[in-house]
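# Reading the structure
Each chain, letter by letter, is given below.
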Amino acid sequence: MFKPRPKQAEVLAYRRGYMGVAAVPGSGKTATLSYLAAQLLAETDLADGQEILIVTYANSGVANFARQIKEYVKGDGLLPGYGYRVRTLHGLANDIVRGKPTAAGLDDQFTIVDERESNAILAEAVDAWIRRYPEAPAAYLAPEHVEKGHYRTQKWAELLTETARSFIKQAKDDLLTPLDVGRMLDAYPGELLLAEICAEIYDDYDRALAYRGAVDFQDLIRLALKVLREEPAYLASMRRKWVYILEDEAQDSSWLQEDILRTLAGEGGNWVRVGDPNQAIYETFTTADPKYLREFIASAGVVDRELPNSGRSTRSIQKLANYLITWSLAHPHQTIRDRMPLSKPYIQPTPPGDPQPNPVDNPDVVVLFAEAYSATKEAMIVTESCKRWLAANPEGTAAILVARNTRGAEIVKFLRQSAVPYVENLNSTSSTRAVVGALSRVLGYLADPKSAGKLAEVYRVWRRDDRDDAAAVAEIKGTTDALRRIKKVEDLVAPRLSDWLEDIAEEGDGAQYDGLQIFRERVGAWLRAAEMPIDQLILTIAGDIFRDVSEIATAHMVALYLARLADTHPLMRPPEFAAELYDIASNKRRFTGLSDDEGQFDPDAHKGKVIVTTLHKAKGLEWDRVYMISINNYDFPSAEANDSFIGEKWYIRDDLNLSAEVLAQLTALQEGGSYKEGLASLNARIDYAAERLRLLYVGITRARKALTITWNTGRGEATEATPLLALRTFWEGEQMKEADREPQR
């Protein structure tokens, strides 16, 4: 049975009205909200059809709530599943719109496109726009990249898709249709080129949805609010139905999502919002913002409560997380400080006698490295440390947390080489990346068939099944070195006057000659097949280089994925397809062709192994030992002069962040104000730095007992992240204080 702490009891004392709850990591906010729901069910005389509505952010949260409430109501002798409804915000919006589709301007049989289909429709709209305006990239590409085909085609299409997606999401959150945006553009006195581009794409995207009789997830939220505002009788029935609204993960709500719940609750209604603004890590170029929850909690008429106690981590780890809050509140940059990236309450240990006491504290296992390691050296040190710890703690849980999937993939290679047991929770698995990587190398050669270096890489792919044979590895290396030295590649793959293989025959190595003869035939067949549709080409290559059933299955999924990509991007050719696969193999993007497990990840199911995952995916999880790596000014910038920002693409002129710029243009349209190019990109740096501070906080608070933080110099230019330097200085001071107290004991 749930035994509440004093601060949890204050939340559970709620009976009516508006209440906002700021919770810290590991404070049991979901358990508290679930128990509150069960308590209200037991005490409220619900009329027929009335319910308590519980709203959360993700599908995994729905399942978690449903399970916990079921346990609590059974303990009270109530009927599980009766008198309450658990929904995501999108699921709730769907319920509302389905109840009155005609009021939303929809057919009774309307469909909802998922994220994958929405992306495909948007890609079609972007591709159509690019075909209409082939010279458009020149306005934004850096001068040195204007004439480079790769940047004018694939990179421009990717960036324009990302920019248009941000524009469309914000326009829908602002309740603007394509027609509304068009009228504003006509009335605006100046030129807003990016907004004009994205408005056209928005119009094409919206027409494509209408043609399908479909809406996307953002439409659901917008249309739900429209129905509630324009159908007062329907709204009144919803208010009678849902007598209480309990919202979890409220820090991830947008203004529009908040407005739906506010409208449903109404004046004098019952609405409880629980969240942790310090864990809002999905806000960059989404319409969500933690300020909405903070403002709600501070509003007149809202009961303000906190859940500050957490039994997850040791006192030392809590101290470190709390100092990050203190430092951010006095951040050296006023502009970042004004964003309030982190805020109180501080994390407090659980009170005596709590069922979840804090782990025994050991400050010695909280280590923040000052050394400027190379990326390779950092990976080696962390791998060896992890190997020793797992051997000494076979029942323990451990994780290596990275900011980017590509860094996670690099770490996996070191773990595998050192025989450290691991589990990947990244965009894709290493086996998937191996298959995709092999195919990308072959496509890369077919796009540049005169390259001896690329031909040598293809030979390594061709011999991939021999990589565990030490003797074969030496022979493969010798052959690839020889292939790289070929002056004319055609002397091997399509000999006329000279045949490179004749030299091999003269040296008397018959086995090598026979193998290369077969290799020549296969490469020739691939070159002849290069004009085939991309999926057929992939299957042709796969049939020659893969033997394992699972690898062949993955190759089939790659073929389907590229076929869909070719449908939406007819201008793509082997160089672009090869680059796409290279990004997937490098873990720069998720391979949407395969359904990697996206369910709730359970660290305790992998004791004795280290989990490699991103900081974003680590949210909501915890481990006994946590390694946070690559905490440098590239992955965690602080708006310093030498910082780099991922949103600013190197091939775009003047360090512009196009997503930020187009949103600024949309704001200028609505407010009738002026727009100055570049200011939004600078402001985006501040927003990104603020979110990175929250991401750092999330990483620290994943650790139960031990925490190690390191940083690397990247390609030689990165420096220690400014907040890590502050944390390290603080922690060194705490250790000195501890050492001064030691003799007195």
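Structure shown above.
Residues numbered from 1 in each chain as written. Predicted model: local features only at pLDDT ≥ 70, side-chain atom pairs only at ≥ 80, totals over all residues. Heavy atoms only, no water.

### A word on the nonpolar core
Quick reminder of the rule: In this description, a nonpolar core means a group of buried Ala, Val, Leu, Ile, Met, Phe, Trp, Tyr and Cys residues linked to one another through side-chain atoms lying within 4.5 Å. The cut-offs for exposure are 20% and 50% of the maximum accessible area for each residue type, with area from a 1.4 Å probe on protein chains only; residues under the lower value are buried, those over the upper are exposed, and the others partly exposed. Only DSSP runs of H or I with at least four residues qualify as helices, and only runs of E with at least two residues qualify as strands; both kinds are numbered from the N terminus onward. Residue contacts follow a heavy-atom distance rule, with two residues in contact if any of their heavy atoms lie within 4.5 Å.
Of all hydrophobic cores here, the largest spans 48 residues; its most connected members are Leu439, Leu443 and Leu562. Element by element, the count of residues in this core is highest for helix H17 (residues 430–446), at 8 residues. If sequence neighbours within four positions are ignored, Leu443 has contacts with Ile534, Leu537, Ile538, Ile541, Leu562, Pro574, Phe577, Ala578 and Leu581.

### Some remarks on helix H29 (residues 722–741)
One turn of the α-helix equals 3.6 residues, which is why residues spaced by three or four share an orientation. To be explicit about the condition: Expected helix span is given by 1.5 Å per residue-to-residue step, counting one fewer step than there are residues.
The end-to-end C-alpha separation of H29 is 29 Å, in line with the 28 Å expected for 20 residues at 1.5 Å each. Looking at H29, one finds that the buried residues are Pro723, Leu724, Ala726, Leu727, Arg728, Phe730, Trp731 and Glu734. If you follow the buried residues of H29, they end up packed against helix H13 (315–329), strand E9 (366–368), helix H28 (679–700) and strand E14 (703–709).

### Quick notes on the sheet that holds E9
Stated formally: By this definition, two strands are paired if DSSP reports at least two bridges between them. Axis definition: a line fit to C-alpha positions, over the contact stretch in the case of helices; interaxial angles, taken between N-to-C directions, run 0 to 180 degrees.
The strand order E9-E14-E13-E10-E12-E11 describes an open sheet built from 6 strands, whose pairing is parallel. For this open sheet the edge positions go to E9 and strand E11 (422–425), each flanked by a neighbour on one side alone. With direction set aside, neighbouring strand axes in the sheet form an average angle of 20 degrees. Bridging between strand E13 (residues 623–628) and E14 involves 5 bridges; their strand directions are parallel. The partner of Trp623 across the bridge, within E14, is Ala703.

### Describing the side chain of Arg5
Using the following cut-off: Residues adjacent in sequence count toward polar contacts only when both atoms are side-chain atoms; beyond that, a polar contact is any pair of N or O atoms within 3.5 Å, and within protein one must be able to donate a hydrogen and the other to accept it.
By secondary structure assignment, the location of Arg5 is in the segment before helix H1 (6–12). Side chain to side chain, Arg5 and Gln356 meet in a polar contact 3.2 Å long. Not counting the four nearest positions on each side in its chain, Arg5 is found in contact with Gly26, Ser27, Asn309, Ser310, Gly311, Thr350, Pro351, Asp354 and Gln356.

### Regarding the pattern of salt bridges
To keep it simple, the criterion reads: Here, a salt bridge means any side-chain nitrogen of Lys or Arg that lies within 4 Å of a carboxyl oxygen of Asp or Glu.
Applying the stated criterion across every chain yields a total of 51 salt bridges. Between Asp204 and Arg132 there is a salt bridge, with the nearest N and O atoms lying 3.2 Å from each other. A residue pair is termed long-range when its members are at least 10 positions apart, and Asp204 in helix H8 (residues 193–211) and Arg132 in helix H5 (residues 115–132) qualify at 72 residues. We note a salt bridge from Arg407 to Glu410, for which the minimum N-O separation is 2.8 Å. With Arg407 and Glu410 both in helix H16 (residues 405–417), this residue pair falls 3 residues apart, about one helical turn. The exposure class of Arg407 is buried, given its relative accessible area of 5%. Beyond isolated ion pairs, a larger network of salt bridges with shared partners links Arg441, Glu457, Arg460, Lys477, Asp481 and Arg484.

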